[in-house]
Structure formats: C-alpha cells, structure tokens
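As a plain string of letters, each chain reads:
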Amino acid sequence: MRQTCLNTIYELAKKNKKVIFIGSDLGPGVLDSFKKKYPDRFFMEGVAEQSIIGLAAGMAFENFRPYVNTIATFITRRCFEQVVVDLCVHNLPVTLIGNGGGLVYAPLGPTHQAIEDISIMRSIPNLTIISPSDAYEMKNLMLDSINLKGPLYVRIARGGEEIITQKFKSKIGKAIKLKKAKDYYFLTTGITNHIALKACKFLKKSKNIDCGVAHFSTIKPLDKTFLNNIIINSKKIITVEENVKAGGFGSSILEFSSELSSTRKKADIKIMGLKDKFLEKYGTQQELLDYSGLSFKDLSKNMKNFIKKK
Amino acid sequence: MKKKAELIIKLDKRSLYLRSLVVECLFGGGRGHMGSAMSLIEILRVLYDNFLKYNPKKPNDKNRDRLILSKGHGCLALYALLADKNFFDKKVLRSASKFNSILGGHPEYGKVPGVEASTGALGHGPAIGVGMAISAKLNKLNYKTFTIVGDGEINEGSFWESSMIASKHKLKNFHIIVDYNKIQSYGKTKEILDLEPLRLKLESFGYKVSEVNGHNVNLLKKYFTKIKKNKDKPTALICHTIKGKGFPFAENNPYWHHKNSFTEKEVKEINKCLGKNNL
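Parameters at a glance
Residues numbered from 1 in each chain as written. Chains lettered and ligands numbered in written order. Predicted model: local features only at pLDDT ≥ 70, side-chain atom pairs only at ≥ 80, totals over all residues. Helix = DSSP H or I, 4+ residues; strand = E, 2+ residues; numbered from the N terminus. Rg over C-alpha atoms; globule rule 2.2 N^0.38 Å. Buried ≥ 20, exposed ≤ 12 C-beta atoms within 10 Å, placed from the backbone. Contact = placed C-beta atoms within 7 Å. Nonpolar A, V, L, I, M, F, W, Y, C, P; charged D, E, K, R; others polar. Axes fitted to C-alpha atoms, helices over the stretch in contact; angles between N-to-C directions. Parallel < 35°, antiparallel > 145°, perpendicular 65-115°, else oblique. Left-handed = near helix turned anticlockwise from the far one by under 90°. Pairing = 2+ DSSP bridges. Domains from an automatic or database assignment.

1. Considerations on the overall build of chain B
Here comes step 1: If you tally the helices and strands in chain B, you get 10 helices and five strands.
Here comes step 2: Relative to the compact-globule value of 19 Å for 279 residues, chain B shows a C-alpha radius of gyration of 18 Å, a close match.
Here comes step 3: Dimensions of chain B along its principal axes, counting C-alpha atoms only, are 55 × 40 × 30 Å.
Here comes step 4: Considering chain B as a whole, with its 279 residues, one finds that 49% of them fall into the buried category.
Here comes step 5: For chain B, restricting intrachain contacts to residue pairs at least 6 apart in sequence, the fraction spanning at least 24 positions comes to 78%.

Rendered as structure tokens:
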C-alpha cells in the first residue's frame, strides 16, 4: 500500500509540475525514479518534522503541491503545532502521508505504534483524513488527492493486503457498501474492513446472521448522506477502528448520530477500537489486533451480543 | 556587540510617527505587545521604506519580496507599517484586538493584506520562509524572503532545524533578522536561556552573519544595500535593539512585554514620549 501511494505521487508528478515530494530521512532508495526524473522536486530532508511541515507550507503558499512522508507517529505527534498552524490555519494543499498507521510497527513499540493518529488529526479544522484499506483504494484516493484545496492526512496501513475494493472507484469523501445487509452493519475504516468481512462470513456461517460492511476510507469529512441513510435504515451498527476509541472514527459516527433528530428511528451504535492504554507488547500487527480485541471473532461476538441486546 | 551607549539613538520624526500608529492599536484595543513592537520599528521602517518590493494594491503579486514576521507578537509594528503603506486604512488600527477587527494580537494571513503567514506560535516563520525561498528558485523568481525572529523565539529547536535546511540548500535569497532586545517574556534572555555566543552559533549553522544597532536607520540601510548582492548563502542579521524603545519607563522592562490595560498616567506618559503635539 505504501509503495502504491508513493508510486501514485510519482504518477501525479509526471502530469503536474507543481507536485513536490518531501521525505524526512526515509529509507534508502525511496522514490528513486522520481528523484532521477525530477531532482528539483524531490526533497529528502533530515529528521526535522517541524521544519519540514513549515517548508511544505511555504511551498504551498507559492502554489506548489507538496506530498510529505514520514512515519505516522512522527508526522502527527512531533509536529502537531506546525500541522495546525502552518497547514490547517492557512488551509494549504499539503498532503501528509503517515507510514505505519495503527499497529503496523508492532515490534517497534509505543514510539512507533500509531494508536491515536486519527484522534489527533481529526481534532484539527480544515484537515481531510483518509485511511485506505488496500492498494487499489490507495491509488484511487491518491489520484483524487490532487483535486483537494486544503490539507490532507493519509494513513498508510500494512502492505500486501488482499484487494477488496476493486469494484469501487473510491473518491475522497465517499463511503462505500462493501457488503450489503438489511439490519446490521460494521462501519469500518482502514484495514478493519478486512476483519469485518471475515466476521460477516463467520456470523452467516455459524449463526445465520446477515451483516454488512460499510467502509469509510475518508474519516473526515464524513460522507454524511451515506451515513445518515445507514443510521436510519439499520438496527445495529458497530464501528471498528485500529485507533483508540477516544476521538477516533467511532466517536465521529456517534457525534454525527447525536445530531440527528431524537424522534427519528436510529440504529444503536457501539464502538470497537483500541483500548485506552499503551500496548506494552510487540509481535506482529495481527497479534496486537487480537490482543486488543479486534480479531474477526471479537467482532462477531460483539455483533452477536449487540443484536441480542434490546 | 558593543557598548550600550551605541544603542542610544534619538528617534526622528518618522520613527515617532510610526510608534504613534502602534499606540493607536494599543489604545484602540486596550492591549498589546508594546515592548515587542517598539523594538522592531526601525527594522520594519527601513525594509518597507527603502528595500522591500511590494504593491499594496496587489499584495499577492508574485514578484513581491516576502516578509514573515515570525515573532508574531510584534505585529503592532507590522500593522503600523502596512497601514502607513496603504495596505489598509489607518483608521483600522484603532480596531485592533476587537471582535470584528482584521487586526488580532497576532497577524493572520488572509485577513490582513500584506501579512504573508499567520504567526504567533514561535519558531514557525523560518521554515515557511525557507519553503518560499526554495520556491523562488524553482519558479525562477527573484524575490527575497525575510524572516524576522525574536530572541526568545529562537529558543525553539525548529529555528535551528530550518537554519540547517536553509544552509543545505544554499538559499542566498533567504534572510533572517533577529530582533535581539535581550528580554523575553519572563526576563533577560541571559537568565532564561542564554543565546550567546549568538553570532558564532548562527555562523556555525551556515549563515553569513552581521550585527547592527537595530534602531540606527542608516546602518540598517547600509546592511540591506549590501545584502542585495548576496551571492552564496543565507544571511542572518543580529539587530541589537531595546525592548520598548522610545518609552523610557517601558524600555528593557519585561512588564511592558505585553500590556492588557493602561492607566491614565501611563497614557499620558506614552503620549508625552511621542511628543504628540508635534506630530
């Protein structure tokens, strides 16, 4: 997914002379082809996230389209004020790309496990946030990124996922129904749609329960028409995210639901996400997801119990 | 630098006039960073009167020089100059800090014509300036980028990061100006976080460094004339200034860094310093 993201920036750069790539001391060889073809628009700067964000802002003021890439925890935590002030206050079209969103960097510990980047970034006005679930969706969304007028945060998940969005031409701001159902839905973002699809299969097979998956590759702004429809037309919804519950994707769904008329029929909503704690474990992303109660079995069990609850 | 006596510059009519515009903001809004604005006046005066390329009718002209007031809390001085140069009407000055004003306690891009970036959080301007300076190279434009930082401001690591980036890219069109009044919010920079040896530090980060009395209009003019021909690397000018310059009771007095009210006596004293009747 990361490679697709970077390759798409190169594709954009071929068509648009204003596209600039800025990395913060990334691994050797990153976007070599871009560097070779457009050396003037390729910047590999040091470990200086705060200044790199300002640098990108300065370039965006001059009508360039910078794409800035480093590890998700660094591009959100370290330079939060620069993201807020330099990019979002000015509403500049700079795209921030965070590698290792969620628990991808499981073995690297709490400094690299991006457990709250969605919450951090969601709190900032003007910032669009996307969290694609596979390389196909990533490509579509990155191609669309050039049309945005303001700042964008792209959360990159693990690589090598199965492609599950190929029937959709994903656009920023649009949610999709990956699997349709009548009454029960998992609302997902990032790679949690993979887990939810498995849970749906499991629930059908083991309990004959029909569940759907509505996928939000854009976390902010939410696809409100889509969301409104799903909330008023279904009975139970569980949101699933690879992020702490506080201030995350599920919170945004609840915030939206709370604004809907109280006299209207609405689905009950439950949030699943990471716990309010640092994980204190290493291993693999899957191990940490399981440890955090986000396995497909956990999703199935939660949905089953949620449906039972009156 | 130098002996303290050299900083004692008698302010001329124009410097007093510009200070009176700052006072318009202060009295209009009843508050503001007075000390921080007053140390900046001559630096901005010389830049806007004699060196910067700009057109108040086309504040976004692509060939204009870019000036970022990174020490955004000194904005009343910038407002004074922008009003004086007709970026907006001088009457607006009296609305500073009020609910519907375009003039806040820190300058905002998009609200105030002539303001290049919203600043106030310290240590941001240099990186934005570096981005603009690199863009000038990429766009093959000749504008220069000036970024004015405060002395307390450069406690921030981001200033030094940006300095390294400017140096790496050999940005001869990037110019830092340090308003070195030696008083930060709580007290003396020497006691809070000593910057010395500042010149050596800046030089070691790749700047061509000069020092000047930041209230001496002629010396400032000389410096900016000289850097017009700057050839190889970014420059840094250390301006030795006096916080609250022009108002003896406020000079070097951290209690005048920011004021949120003025007594009748203070109003009188301020007006007296401005020689109000002669303006």
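Following the structure, the description resumes.
2. Overview of the interface of chain B and chain A
Here comes step 1: Chain B puts 20 residues into the contact, and the matching count from chain A is 21 residues.
Here comes step 2: Only α5 (125-138) and α6 (157-168) of chain B provide two or more residues apiece to the side of chain B that touches chain A.
Here comes step 3: Take the side of chain B that touches chain A: its biggest share by element is nine residues, from α5 of chain B.
Here comes step 4: For the side of chain B that touches chain A, the per-class residue count stands at 11 nonpolar, eight polar and one charged.

3. Considering the packing of helix α1 (residues 2-15) of chain A against helix α7 (residues 135-145) of chain A
Residues and elements named next belong to chain A.
Here comes step 1: Contact geometry of α1 with α7 gives a least axis separation of 9 Å together with a crossing angle of 30°. In terms of their interaxial angle, α1 and α7 are classed as roughly parallel. For the element pair α1 and α7, the recorded crossing hand is right-handed. For the pair formed by α1 and α7, the contact residues are T4, C5, T8 and I9 on the first element and A135, M138, K139, M142 and L143 on the second.
Here comes step 2: Looking at the contact of α1 with α7 residue by residue, the class counts come to six nonpolar, two polar and one charged.

4. Some details on the sheet that holds strand β1 (residues 19-24) of chain A
All names here are of chain A.
Here comes step 1: Read across the open sheet, the seven strands follow the order β2-β1-β3-β4-β6-β5-β10; overall the sheet is mixed. Pairing within the sheet leaves two strands with one partner each, and these edge strands are β2 (42-45) and β10 (218-220). Averaged over neighbouring strand pairs, the angle between their axes works out to 20° when direction is ignored.
Here comes step 2: Note: strand β4 (residues 95-99) against strand β6 (residues 152-155), four bridges, orientation parallel.

5. Quick word on the environment of P110 of chain A
Residue and element names in this part refer to chain A.
Here comes step 1: With respect to the helices and strands, P110 occurs in the loop between β4 and α6 (117-122).
Here comes step 2: Since 12 C-beta atoms lie within 10 Å of it, P110 is described here as exposed.
Here comes step 3: C-alpha separation for the pair P110 and L279, spaced 169 residues apart in sequence, amounts to 7.2 Å.

6. Notes on the domain arrangement of chain A
Residue and element names in this part refer to chain A.
Here comes step 1: According to the domain assignment, chain A consists of domain 1 (2-155) and domain 2 (176-308).
Here comes step 2: A straight line from the C-alpha centre of domain 1 to that of domain 2 covers 27 Å.
Here comes step 3: Every contact between the two is made by 25 residues of domain 1 and, on the other side, 30 residues of domain 2.
Here comes step 4: Where the side of domain 1 that touches domain 2 is concerned, the elements lending two or more residues are α6, β5 (128-130) and α7.
Here comes step 5: Residue composition of the side of domain 1 that touches domain 2, by class: 12 nonpolar, nine polar and four charged.

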